[in-house]
Amino acid sequence: MRSDGSSSAPLGLKVAAACGLLFLHLPILLIFIYAFTTEERSFVWPPPGLTTQWFAVTWNRPDVWEALSLSVRVAAISTLVALVLGTLCAAAVSRTRFFGRETISLLVILPIALPGIITGIALRSAFSLAEIPFSFWTIVLGHATFCVVVVYNNAVARLRRTSGSMIEASMDLGADGFQTFRHVVLPNIATALLAGGMLAFALSFDEVIVTTFTAGQQQTLPIWMLEELIRPRQRPVTNVVAMVVVLVTLLPILVAYYLTQNGDQIAGSGK
Amino acid sequence: MTVAALNSNPAPAILPGSGGVRGSLSDLFWRRPKLLLLLMLLPPVLWLGIVYIGSLFALLLQSFFSIDEFSGLINRQFTLKTYGDLLQAANLDIILRTVTMAALVTFVSAIIAFPIAYYAARYARGRWKALFYLGIMLPLWSSYLVKIYAWKLILAKEGILTWLLAKLHLLWLLDGWLSLPVVGGNSLSVSSTGTFIVFVYVWLPFMILPVQAALERVPGNLVEASSDLGASPGQTFRNVLFPLALPGIVAGSIFTFSLTLGDYIIPQIIGTSRLFIGQAVYSQQGTAGNIPLAAAFTVVPIVIMGFYLWGAKRMGAFDAL
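Residues numbered from 1 in each chain as written. Chains lettered and ligands numbered in written order. Predicted model: local features only at pLDDT ≥ 70, side-chain atom pairs only at ≥ 80, totals over all residues.

Right, let's talk about the overall build of chain A for a bit. Looking only at helices and strands, one finds 11 helices and 0 strands in chain A. Based on the C-alpha atoms only, the size of chain A along its principal axes is roughly 70 × 65 × 30 Å. Taking all 271 residues of chain A together, 47% fall into the buried category. Considering only intrachain contacts with a sequence separation of at least 6, the fraction spanning at least 24 residues in chain A is 76%. (Helix = DSSP H or I, 4+ residues; strand = E, 2+ residues; numbered from the N terminus. Buried ≥ 20, exposed ≤ 12 C-beta atoms within 10 Å, placed from the backbone. Contact = placed C-beta atoms within 7 Å.)

Here the focus is the UniProt feature "domain: ABC transmembrane type-1" (unreviewed entry) in chain B. UniProt tags residues 95-309 of chain B as "domain: ABC transmembrane type-1" (unreviewed entry). Regarding residues 95-309 of chain B, the helix share stands at 79% and the strand share at 0%, and the terminal C-alpha atoms are separated by 19 Å. (UniProt positions renumbered as here; feature names shortened; annotations may be inferred.)

Turning our eyes to something else, we now look at the domain arrangement of chain B. We note that the domain assignment places domain 1 (22-51) and domain 2 (89-320) within chain B. Its C-alpha centre places domain 1 of chain B at a distance of 42 Å from the equivalent point of domain 2 of chain B. (Domains from an automatic or database assignment.)

Across residues other than glycine, the phi torsion is negative in most instances, and most of the peptide bonds are trans. Phi at A:Glu131 takes a positive value of approximately 55°, unusual for a residue other than glycine. Assignment of secondary structure puts A:Glu131 in the loop between helix 5 (116-130) and helix 6 (136-161). Of note, the phi angle at B:His169 is positive, near 55°, even though the residue is not glycine.

Let's shift gears to the packing of helix 6 of chain A against helix 3 (residues 33-62) of chain B. The N-to-C vectors of helix 6 of chain A and helix 3 of chain B enclose an angle of 125°; their axes lie 11 Å apart at closest approach. For the element pair helix 6 of chain A / helix 3 of chain B, the angle class is oblique. Considering the relative orientation of helix 6 of chain A and helix 3 of chain B, their crossing is left-handed. Contacts from A:Leu141, A:Thr145 and A:Val148 in helix 6 of chain A reach B:Pro44, B:Leu48, B:Val51 and B:Tyr52 in helix 3 of chain B. A breakdown of the residues in the contact of helix 6 of chain A with helix 3 of chain B according to their chemical character gives 6 nonpolar, 1 polar and no charged. (Axes fitted to C-alpha atoms, helices over the stretch in contact; angles between N-to-C directions. Parallel < 35°, antiparallel > 145°, perpendicular 65-115°, else oblique. Left-handed = near helix turned anticlockwise from the far one by under 90°. Nonpolar A, V, L, I, M, F, W, Y, C, P; charged D, E, K, R; others polar.)

Another aspect to go through is the UniProt feature "domain: ABC transmembrane type-1" (unreviewed entry) in chain A. The UniProt entry lists residues 68-256 of chain A under the feature "domain: ABC transmembrane type-1" (unreviewed entry), expressed in the numbering used here. Across residues 68-256 of chain A, helical content stands at 84% and strand content at 0%; the span's end C-alpha atoms are separated by 22 Å.

Further remarks concern the nonpolar core. All names here are of chain B. With 170 residues, the main nonpolar core has Ala113, Ala117 and Val211 as its most contacted residues. Top contributing element to this core by residue count: helix 10 (residues 192-216), with 17 residues. If we skip the residues at most four places from it in the chain, alanine 113 touches Leu204, Met207, Ile208, Val211 and Gly252. (Core = buried A, V, L, I, M, F, W, Y, C linked by C-beta atoms within 7 Å.)

The next point concerns the interface of chain A and chain B. Between chain A and chain B, the contact holds 81 residues from the first and 86 residues from the second. Counting only elements with at least two residues in the side of chain A that touches chain B, the list comes to helix 1 (11-34), helix 3 (62-95), helix 4 (101-113), helix 5, helix 6, helix 8 (177-206), helix 10 (221-230) and helix 11 (235-259) of chain A. If you tally residues by element for the side of chain A that touches chain B, the top one is helix 1 of chain A, at 13 residues. The residue inventory of the side of chain A that touches chain B, partitioned by class, reads 56 nonpolar, 19 polar and 6 charged.

We now examine the UniProt feature "transmembrane region" (unreviewed entry) in chain A. Residues and elements named next belong to chain A. Mapped onto the present numbering, the UniProt feature "transmembrane region" (unreviewed entry) falls at residues 12-36, 70-92, 104-123, 135-156 and 240-259. End C-alpha atoms of residues 12-36 are separated by 37 Å, and the span's content is 92% helix alongside 0% strand. Between the first and last C-alpha atoms of residues 240-259 the distance is 29 Å; the span itself is 100% helix and 0% strand.

This is the structure:
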């Protein structure tokens, strides 16, 4: 391993890697330019002119605000549920070995490993069999289910690094279980939980496939966008919303990255 | 961090027993750790078990129901009639088209992902490593719909790609490609080529991450030893790098394959009117109201993925996840 890093990459590899990264990023950058275009009817490039008027138009659209507010509420509640369930599960799995431990991990990962359409249609057919009407809570039910896994992954990675002797030390010093949790365990896993929560929020905020099956007539922001993509009504407004959505989802990812940077399996690889 | 937390909260070295309900609860958990474990596991297992596994069973159950063609009502009696409907030529066509697309997408994603993953694993250090990591992570987590929307902008007839090709005097190439059967169409945004490009774009990060993880574990001196022994770069790749990266590629292909099988939004927005499995499921449960057939359709990707995962496990792909 001594010579690692001293060699430099062959040119072909550099070019291929750079092209790959450009392929990943240029389309997203394009969204930012289109948000300012003066063109209303088509996706013409280059934009005939630049304007900021569509931001004002979007600001005054009640349907966008309603969809945004529903998305934020759903994401907040789902994140809370996922935080509680994911932490409990992670704590149980990492502290003790018990029969069926592997099954629990599989159970947590399954909702995200199977294609979203399966989760979606499964929930929908369960609702129809049980005759549950669509509501805010049916959306939350679906979202919380697949958000558990991101919190779980982050918490498990951190708990694995936390040494068990600290908990024993705390107990030896006379703290009871609740005090140990409050003063020793929680401060240790707090940033991992925060990162997991951020990622869960981003995941829920962006989810569309499961949501189309569990929302009924309600519109979350991604469903609003989907409608616009299928039947465009006002393209410039869609452009602006797209740009805002990119910014809103990127911030939690960056924060989660900085929270878990040192040493953990870094947040986000488990999407 | 723990030390800081304790210091900021000065407490006697040995805390007195807290007594009361909380104290006895804490003592109980200490004496019976199994009880605590059970209480911790109960909420998540109940939630996932009832909401998720329960729903999956409901789905499986529905696929054995059938729909009454005249009234459109669901007949809740066990029958294999729905599975018989599934095996009609039109439906088999949909399944074949989806599986072919998934295989192509997986193959091309692996080719594009490899150089990025290899560079990130072997050459990127320090700040560059972080940059590469974010460079893969940000597109992975960017909004799915926005990514599709971006490609609608790019592939539109009046969009940036046509403009670029016109500047390069290569429009004849695009027109020639679009005039081909199957892959062509009116414009790229309504052709299967467009669907393919967007699938590759959206799932690419899912391929890069496991391949990179697999390559991180290949010691650099293995590659050097191979070239010291006289292998050309091509031979080193074929005989050393590729076999070691294969579990990672298979792990990545689980994602690209499974996600393509289940997606219904990408082919709906960018592509032809020929259906994919996901779209068939969606239209059967929605407009057609035929939940049993939709349920039977979803069993197809589950079975395919079951076989796929079984094969992947045999190749040791799960160690690379």
